[in-house]
Amino acid sequence: RLQRDLRALVDGSPAISGVFVQHLGTGCGAGANAGAMFPAASTLKTALLVEAVGRADGRPTAAQSRLLDRMIISSDDTAANAVLAGIGGGSMFTGGARVTETLRRLGLARSSVRTGYIIENQARIPVRAERQPALYTNFITTPFELGRLMASIHRGAAGLGGIRKLGISRLSAGREVLGRLMNTADGSKLVAGLHPGVLTAHKSGYTDQVKHDSGIVYLPGGPIVVVAMSWSRAGVSDASGNRFIADVTRAAVRRLAAGGRCGPR
């Protein structure tokens, strides 16, 4: 039933969309277009957070903590670039390579970080299109791999493995990584599909062309990973993109609140 719900939402979306949902206690879940590669936008700031905390041996300095807070809670691109440069010893390209290698160590073969975020200049610079190159992006992931990344963070904080294989302690995984994701300021996407007060750790990403969110919803029946991504060359509006993510979240909670029932494929 959840598979039908998600397929209907993805097929009915005006944008190219993909979703991945799984109950972490029972393993039950569903996906639609979950292996498609999307421009990740800010969702992979979660990977930068994991890498930075690991390199700090789970104890970021006060200055590092302020940058990490700005990067995750406020989704500040300038702070993210500073974190990435710090990871790379001053080079965002090196930092991207190191984050990508960590993603590979977590088993995420189709996600990557090339270099930092493009910071838009607000000055009066001509912006008309004259020759359009092929589209590339510095941050790439899939709904499935974002879901695995979130699950790895949850398991690390629960002492069950996950990001602990990177040398991040259970305490640091909970306080420095999961704790920041629980304070993400964006309440217009995944959180909008939940009843007020439901504990959630998530990271959204959005530009004119993409609307994404990925997170862990903590329910009495166990945690659920929810990932919803949309892209359109013509643009994805806040209204349609945010509504799609909220609808996916509602479907996930409706079908998996008690764990779900799933049999062999």
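Figured I'd write up the structure that's included with this text.

Cut-offs and rules
- Residues numbered from 1 in each chain as written.
- Predicted model: local features only at pLDDT ≥ 70, side-chain atom pairs only at ≥ 80, totals over all residues.
- Heavy atoms only, no water.
- Patch = residues over 30% accessible without salt bridge, like charges linked within 9 Å, V, L, I, M, F, W, Y side chains within 5 Å.
- Areas by Shrake-Rupley, 256 points an atom, 1.4 Å probe, with all protein chains shown as cover.
- Salt bridge = Lys/Arg side-chain N within 4 Å of Asp/Glu carboxyl O.
- Lys, Arg positive; Asp, Glu negative; His and termini not counted.
- Charge placed at Lys NZ, Arg CZ, Asp CG, Glu CD.
- Helix = DSSP H or I, 4+ residues; strand = E, 2+ residues; numbered from the N terminus.
- Buried < 20%, exposed > 50% of the residue type's maximum accessible area, 1.4 Å probe, protein only.
- Axes fitted to C-alpha atoms, helices over the stretch in contact; angles between N-to-C directions.
- Parallel < 35°, antiparallel > 145°, perpendicular 65-115°, else oblique.
- Left-handed = near helix turned anticlockwise from the far one by under 90°.
- Contact = heavy atoms within 4.5 Å.
- Pairing = 2+ DSSP bridges.
- Polar contact = N/O pair within 3.5 Å; in protein donor to acceptor, adjacent residues only side chain to side chain.
- Disulfide = S-S within 2.5 Å.

Re a positive patch on the surface
Taken together, the side chains of Arg105, Arg148, Arg155 and Lys165 define a basic patch exposed on the protein surface. Positionally, arginine 105 belongs in helix 5 (residues 92-105). Classification of arginine 105 as partly exposed rests on a relative accessible area of 45%.

What about the packing of helix 2 (residues 45-55) against helix 7 (residues 170-181)?
Axis separation between helix 2 and helix 7 bottoms out at 10 Å; the angle between their running directions is 155 degrees. The angle between helix 2 and helix 7 places the two elements in the roughly antiparallel class. With respect to the hand of their crossing, helix 2 and helix 7 are arranged in right-handed fashion. Residues Thr46, Leu49, Val50 and Val53 of helix 2 touch helix 7, and the partners they reach there are Ser172, Glu176, Val177, Arg180 and Leu181.

Some details on the sheet that holds strand 4 (residues 112-113)
A sheet is described by the order of its strands in space; here three strands give the open sequence 3-5-4, paired in antiparallel fashion. Only two strands of the sheet have a single partner each, and these edge strands are strand 3 (38-39) and strand 4. Bridge count between strand 4 and strand 5 (residues 139-141): two bridges; the pairing is antiparallel. Directly across from serine 112, in strand 5, lies its bridge partner isoleucine 140.

Notes on the side chain of lysine 45
Within the fold, lysine 45 resides in helix 2. The buried category is assigned to lysine 45, whose relative accessible area is 0%. Separated by 2.7 Å, the side chains of lysine 45 and aspartate 77 make a polar contact. Apart from residues no more than four positions distant in its own chain, lysine 45 is found in contact with Met71, Ile72, Ser75, Asp76, Asp77, Ala80, Tyr117 and Lys203.

Considering the pattern of salt bridges
Counted according to the given criterion, the structure contains 12 salt bridges. Here arginine 55 and glutamate 51 are joined by a salt bridge, their closest N and O atoms 2.6 Å apart. With a gap of four residues between them, arginine 55 and glutamate 51 both fall in helix 2, about one helical turn apart. One salt bridge connects aspartate 247 with arginine 250, and the closest N-O pair in it is separated by 2.7 Å.

Points about the state of the cysteines
The final tally for this structure, using the stated rule, is one disulfide. Two residues share a disulfide in this structure: cysteine 28 and cysteine 262, whose sulfurs sit 2.1 Å from each other. Where cysteine 28 bonds to cysteine 262 through sulfur, the torsion about that S-S bond is close to -80 degrees, and the disulfide is left-handed. Taken together, the positions of cysteine 28 in the loop between strand 1 (16-23) and strand 2 (29-32) and cysteine 262 in the segment after helix 8 (238-256) put the pair 234 residues apart, joining distant regions of the chain.

Scope: geometric values only; no functional claims are made or implied.
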